[in-house]
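# Analysis of the macromolecular model
Residue strings, one per chain:
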Amino acid sequence: MSATPPVPPTKAKKPTVKEQRAAERQRKLEEFRRREAKARRNRRILIWGGSVAAAVVVGLLITSIVLTPQAARYTAGGEGATIEGVETFENTSNHVEGAVEYAQTPPAGGEHNPAWLNCGVYTEPVPNENAVHSLEHGAIWVTYDPSLSDADLETLRSKLPSTYIVLSPFDGLPSPIVLSGWNTQLQVDEADDPRIAEYLEEYWQSQNVPEPGALCTGAIDGPGKVS
């Protein structure tokens with residue numbers, strides 16, 4: 001039996017120029033689609049990430065506003081409202097050196113030191129003579145008995161404006177809390193007494209003081225100033 005002659009290998013057909021160009025176009029098209037798909041994924045990630053970041057920032061801002069205590073707001077000067085319990089006086093206004101004996105406790109006007117007390121919150125008693133000068137500029141001096149509880153003190157602070165106010169402890173008060181303006185005074189027993197806000201609305205930055213609108217900063221700090 002004769003052997004079958006071997007079959008010569010088939011020679012691969014070389015693609016035509018047209019086929020080569022079509023294949024190249026297809027390759028470039030697929031590469032373009034891959035790039036576009038990747039770009040779309042990246043855009044979605046950036047948009048999502050930006051939205052999350054924006055939401056976090058807004059959330060933190062809202063939280064900060066909600067949790068940060070806001071100072072109470074009052075209209076400067078009053079309209080002559082009558083507030084139960086308010087006393088008025090006729091103290092003179094002169095600058096003097098040294099200690100002064102005052103007619104009211106705490107003082108609500110009278111002779112005072114040439115340097116005013118910088119308005120703010122104090123944890124220790126402040127010099128009468130400097131605090132009275134601040135009253136001359138339209139500030140309100142809010143004094144409290146040192147035995148006042150932390151909760152009541154926080155309630156009291158929540159009722160105060162951010163400027164033209166002096167808050168300090170005072171020994172020997174006639175009531176747990178006393179608010180003093182120039183020649184006016186209100187004594188209250190409770191930190192949540194609604195007359196506190198009424199008094200501040202009427203007498204805070206009053207025009208009926210010797211030096212209305214004068215500064216309540218830029219002079220001297222008393223002991224224990226915290227803000």
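In what follows, the accompanying structure is described. (Residues numbered from 1 in each chain as written. Predicted model: local features only at pLDDT ≥ 70, side-chain atom pairs only at ≥ 80, totals over all residues. Heavy atoms only, no water.)

### Notes on helix 4 (residues 195-203)
Inspection of helix 4 places Arg195, Ile196, Tyr199, Leu200, Glu202 and Tyr203 among the buried residues, and these make up the whole buried set. What you see down the axis of helix 4 is that its buried residues fit within an arc of 165 degrees, all on one side. Packed against the buried residues of helix 4 are strand 3 (140-144), helix 3 (150-158), strand 4 (165-169), strand 5 (177-181) and strand 6 (184-188). A positive phi of about 50 degrees marks Gln205, the residue just after helix 4. (Buried < 20%, exposed > 50% of the residue type's maximum accessible area, 1.4 Å probe, protein only. Helix = DSSP H or I, 4+ residues; strand = E, 2+ residues; numbered from the N terminus. Arc of directions from axis to C-beta. Contact = heavy atoms within 4.5 Å.)

### Let's talk about the packing of aromatic side chains
For the structure shown, the criterion picks out two aromatic pairs. With a centroid separation of 5.9 Å and 70 degrees between ring planes, the pair formed by Trp141 and Phe170 is classed as edge-to-face. Taken as a pair, Trp141 in strand 3 and Phe170 in the loop between strand 4 and strand 5 lie far apart in primary sequence, 29 residues in all. Residues Trp141 and Phe170 agree in their burial class; the two are buried. Measuring from centroid to centroid gives 4.8 Å for Tyr199 and Tyr203, while their planes differ by 40 degrees, and the two rings are tilted. Separated by four residues within a single helix, Tyr199 and Tyr203 lie in helix 4, roughly one turn from each other. Just as Tyr199 is buried, Tyr203 falls in that class too. (Phe/Tyr/Trp six-rings, centres within 6.5 Å; stacked < 30°, edge-to-face > 60°.)

### A closer look at the side chain of Asn113
By the element assignment, Asn113 lies in the loop between strand 1 (87-88) and strand 2 (120-121). Given the relative accessible area of 18%, Asn113 is considered buried. A polar contact of 2.8 Å, which involves the side chain of Asn113, links it to the backbone nitrogen of Ala115. Setting aside residues up to four positions removed in sequence, Asn113 forms contacts with His95, Val96, Glu97, Glu129, Asn130 and His133. (Polar contact = N/O pair within 3.5 Å; in protein donor to acceptor, adjacent residues only side chain to side chain.)

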